[in-house]
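Report on the structure
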Amino acid sequence: GQQVMQIPQYQHVQEGEDFTTYCNSSTTLSNIQWYKQRPGGHPVFLIQLVKSGEVKKQKRLTFQFGEAKKNSSLHITATQTTDVGTYFCAGPSSAGGTSYGKLTFGQGTILTVHP
Amino acid sequence: DAGITQSPRYKITETGRQVTLMCHQTWSHSYMFWYRQDLGHGLRLIYYSAAADITDKGEVPDGYVVSRSKTENFPLTLESATRSQTSVYFCASSEGGPLTFGSGTRLTVV
């Protein structure tokens with residue numbers, strides 16, 4: 001079945017350093033979504049990328065969707081302690097071509113920021 | 001405007017007992033989902049529902065039962081709880097796009 005792999009599993013940075021997490025799918029995706037989960041919290045939707053090669057920015061966060069629509073990345077510039085949490089990528093789960101809204105999540109990258 | 005609420009937030013139960021986790025959403029979203037979160041596995045889909053009275057298995061359905069008699073409710077039942085079902089359970093809803101998650105239920109089976 002479809003697999004979504006995410007690396008690294010953990011990342012420890014000093015405040016002010018940059019951070020990147022990578023996501024790879026075993027199948028071509030119609031879109032890719034990114035979620036953030038704060039410690040003790042629930043996943044919260046950040047952004048959705050749809051187009052091949054698409055790049056979107058949210059303040060210090062830059063999201064990229066690969067040309068083949070099988071990989072994606074999230075880059076945070078100059079991390080802050082508020083960036084702490086787990087970042088997940090997710091792509092539609094295909095069942096006969098219809099996902100029914102289902103998503104397959106990557107394992108997530110746990111980001112720790114040291115002040 | 002709670003949106004999507006889960007109850008209870010925390011639950012401790014004994015092996016072999018039946019336990020039901022509740023999920024209620026106020027948006028009339030068509031799709032609802034149950035995920036479990038375990039360290040190293042991310043979020044894995046247990047069951048999903050495309051509409052009232054339409055449910056189907058996800059990636060890890062064994063040991064779980066769901067129902068959806070009303071659009072707004074999607075309870076998850078562990079028929080006979082096992083220690084391997086100790087996890088954090090998240091309910092989510094959508095209209096086919098991004099998911100909105102509830103706050104989760106932390107279940108411990110002893």
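Up top is the structure these notes are about.
First, a word on what this report is: a plain description of the structure on this page. All of these numbers come straight from a predicted model, not from anything done at the bench.

With respect to the overall build of chain A
Secondary structure assignment for chain A yields 0 helices and 11 strands. Its helices and strands taken in sequence order, chain A reads β-β-β-β-β-β-β-β-β-β-β from the N to the C terminus. Its C-alpha radius of gyration of 14 Å places chain A within 12% of the 13 Å reference for a compact globule of 115 residues. Along the three orthogonal principal directions, the C-alpha set of chain A runs to about 50 × 30 × 20 Å. In chain A, which comprises 115 residues, the share counted as buried stands at 44%. In chain A, of all internal contacts separated by at least 6 residues, the share reaching a separation of at least 24 is 55%.

Overview of the sheet that holds strand β8 (residues 71–76) of chain A
Each strand in a sheet pairs with another by means of backbone hydrogen bonds, the pair being arranged parallel or else antiparallel. Residue and element names in this part refer to chain A. If you walk across this open sheet you meet the 5 strands as β1-β3-β8-β7-β6, and the pairing is antiparallel. Edge positions in the open sheet fall to β1 (4–7) and β6 (55–58), since each of these has one partner strand only. Each neighbouring strand pair of the sheet contributes to a mean axis angle of 15 degrees, computed without reference to strand direction. Where strand β3 (residues 19–25) meets β8, 6 bridges bridge the pair, whose relative direction is antiparallel.

Let's talk about the interface of chain B and chain A
On the chain A side, the residues contacting the 21 residues of chain B number 20 residues. At the boundary of chain B with chain A, total buried surface from both sides reaches about 1600 Å², with 63% on carbon and sulfur atoms. When the buried surface of chain B facing chain A is broken down by residue, B:L43, B:P98 and B:F101 rank first, second and third, together holding 28% of it. In this structure, the connection of chain B to chain A is made through 0 salt bridges. If you look at where chain B meets chain A, you find 3 residue pairs in polar contact (both at pLDDT 80 or more).

Some thoughts on the environment of B:A52
Residues and elements named next belong to chain B. Along the chain, A52 turns up in the loop between β5 (42–51) and β6 (54–57). Accessibility expressed as a relative area gives 28% for A52, which makes it partly exposed. For A52 and R36, which are 16 residues apart along the polypeptide, the C-alpha to C-alpha distance reads 22 Å. For A52, the residues in contact, after removing those within four places along its chain, are R68, S69, K70 and T71.

As for the pairing of strand β4 (residues 31–38) of chain B
Residues and elements named next belong to chain B. Among the 8 residues in β4, 8 count as buried, and that is most of the element. Neither face of β4 is exposed, since Y31, F33, Y35 and Q37 on one face and M32, W34, R36 and D38 on the opposite face are all buried. Direction of pairing for β4 relative to strand β9 (residues 87–94): antiparallel, over a ladder of 7 bridges. Directly across from Y35, in β9, lies its bridge partner F90. Pairing analysis gives 7 bridges linking β4 to β5, with the strands arranged antiparallel. Each residue of the ladder has a partner; that of W34, found in β5, is Y47. The antiparallel pairing of β4 with β5 creates a hairpin that spans 3 residues between the two strands, and G40 there sits at a positive phi of about 90 degrees.

Reading the values: rules and limits
Residues numbered from 1 in each chain as written. Chains lettered and ligands numbered in written order. Predicted model: local features only at pLDDT ≥ 70, side-chain atom pairs only at ≥ 80, totals over all residues. Heavy atoms only, no water. Helix = DSSP H or I, 4+ residues; strand = E, 2+ residues; numbered from the N terminus. Rg over C-alpha atoms; globule rule 2.2 N^0.38 Å. Buried < 20%, exposed > 50% of the residue type's maximum accessible area, 1.4 Å probe, protein only. Contact = heavy atoms within 4.5 Å. Pairing = 2+ DSSP bridges. Axes fitted to C-alpha atoms, helices over the stretch in contact; angles between N-to-C directions. Buried area = accessible area lost by both parts, 1.4 Å probe. Salt bridge = Lys/Arg side-chain N within 4 Å of Asp/Glu carboxyl O. Polar contact = N/O pair within 3.5 Å; in protein donor to acceptor, adjacent residues only side chain to side chain.

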